[in-house]
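What the coordinates show
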Amino acid sequence: MALYENVFIARQDVPVTQVEALTTQYAELVTSLGGTVSKKEYWGLRSLTYRIKKNRKGHYTLLNIDGPPAAVKELERTMSINEDIIRYLTVRVDELEEGPSAIMLRSAEKADRPMGDRDRGDRWGDRPPRRERSRFGDEAVPAVAGVPGEEE
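The sections below set out a description of the structure shown in this document.

The rules behind the values
Residues numbered from 1 in each chain as written. Predicted model: local features only at pLDDT ≥ 70, side-chain atom pairs only at ≥ 80, totals over all residues. Heavy atoms only, no water. Pairing = 2+ DSSP bridges. Helix = DSSP H or I, 4+ residues; strand = E, 2+ residues; numbered from the N terminus. Axes fitted to C-alpha atoms, helices over the stretch in contact; angles between N-to-C directions. Contact = heavy atoms within 4.5 Å. Salt bridge = Lys/Arg side-chain N within 4 Å of Asp/Glu carboxyl O. Buried < 20%, exposed > 50% of the residue type's maximum accessible area, 1.4 Å probe, protein only. Polar contact = N/O pair within 3.5 Å; in protein donor to acceptor, adjacent residues only side chain to side chain. Phe/Tyr/Trp six-rings, centres within 6.5 Å; stacked < 30°, edge-to-face > 60°. Lys NZ or Arg CZ within 6 Å of the ring centre and 35° of its normal. Core = buried A, V, L, I, M, F, W, Y, C linked by side-chain atoms within 4.5 Å.

1. With respect to the sheet that holds strand S4 (residues 85-93)
- Sheet architecture is open: 4 strands sit in the order S2-S3-S1-S4, paired in antiparallel fashion. Only two strands of the sheet have a single neighbouring strand rather than two, namely strand S2 (36-52) and S4. Within the sheet, the average angular offset between the axes of one strand and its neighbour, ignoring direction, is 20°.
- Relative to strand S3 (residues 55-67), S2 is paired through 11 bridges, and the arrangement is antiparallel. Looking at the pairing, Ile52 lines up with Asn55 of S3.
- Contacts from helix H2 (residues 69-81) reach strand S1 (2-11), S3 and S4 within the one sheet, and its direction differs from that of S4 by about 165°.

2. What about the pattern of salt bridges?
- For the structure on display, the rule yields 4 salt bridges.
- Measuring nitrogen to oxygen at the nearest pair gives 2.9 Å for the salt bridge that ties Asp13 to Arg11.
- With a relative accessible area of 25%, Arg11 lands in the partly exposed category.
- When salt bridges that share partners are traced, they join Arg11, Asp13 and Asp84 into one network.

3. A look at the side chain of Lys39
- Relative to the helices and strands, Lys39 is located in strand S2.
- A polar contact of 2.7 Å, which involves the side chain of Lys39, links it to the backbone oxygen of Gly99.
- If we ignore the near neighbours within four places in the chain, the residues touching Lys39 are Leu62, Leu63, Asn64, Glu97, Gly99, Pro100 and Ser101.

4. Structural notes on the packing of aromatic side chains
- With the rule as written, the count across this model stands at 1 aromatic pair.
- Here Phe8 and Tyr26 contribute two aromatic rings whose centre-to-centre distance is 5.5 Å and whose plane-to-plane angle is 85°, an arrangement assigned as edge-to-face. Separated by 18 residues along the polypeptide, Phe8 in strand S1 and Tyr26 in helix H1 (residues 16-32) bring together distant segments of the chain.
- Over the face of the ring belonging to Tyr60 we find Arg46, whose NZ or CZ atom lies 5.9 Å from the ring centre.

5. Here's the deal with the nonpolar core
- In terms of nonpolar packing, the biggest core is built from 18 residues, with Tyr26, Ile65, Leu75 and Ile85 touching the most fellow members.
- Taken together, the elements giving at least two residues each to this core come down to S1, H1, S3 and H2.
- Ranked by residues supplied to this core, first place goes to H1 with 6 residues.
- Membership of the second largest hydrophobic core comes to 7 residues, among which are Ile9, Trp43, Tyr60 and Ile86.

Right under this line is the structure:
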C-alpha cells in the first residue's frame, strides 16, 4: 500500500468538536476501504494567506494514511462534496513522520518562549527605553574643532 499525507481546511465558523467528528469520519472511511490512519493532528484555527470562499481563517487537520489509492480517491471525493471543507491536499510520500509534524513542533516551541521574546525579539539592539532617550533637538551638538584643511 502507498503512504499519503492529507491536510484539509474546514471553515472558520465550524466548531472544533465538529472538526474532530469530520476527522474521525474520514479516518473510518479510509479504514473501511482497507487503509490505516497512523496519525491525526489538529493544527488549530489559523489565518489563511488569502480569502477562500469568504473565509479568512480555517481549521487545519493532518492525516497520515497508509492505504490503497482507491481509498484516497474516495476520501478526496467525500471531502469535495462536504460544504464544511474549503480546501484539501493529499500528497504521496516515501515515508510517514513518526513524531509530531513541523507545524506542531513550531507551535510548541513558540509556546515555550517567554512573552517578551515572542513580540519583536531583540529588534532594536541596545537602544535605551523611550523615557531615557533625549527628544529630537535636545541633544547638544558636538563642537567642531575646526574647518577641515585649516591648521591652528
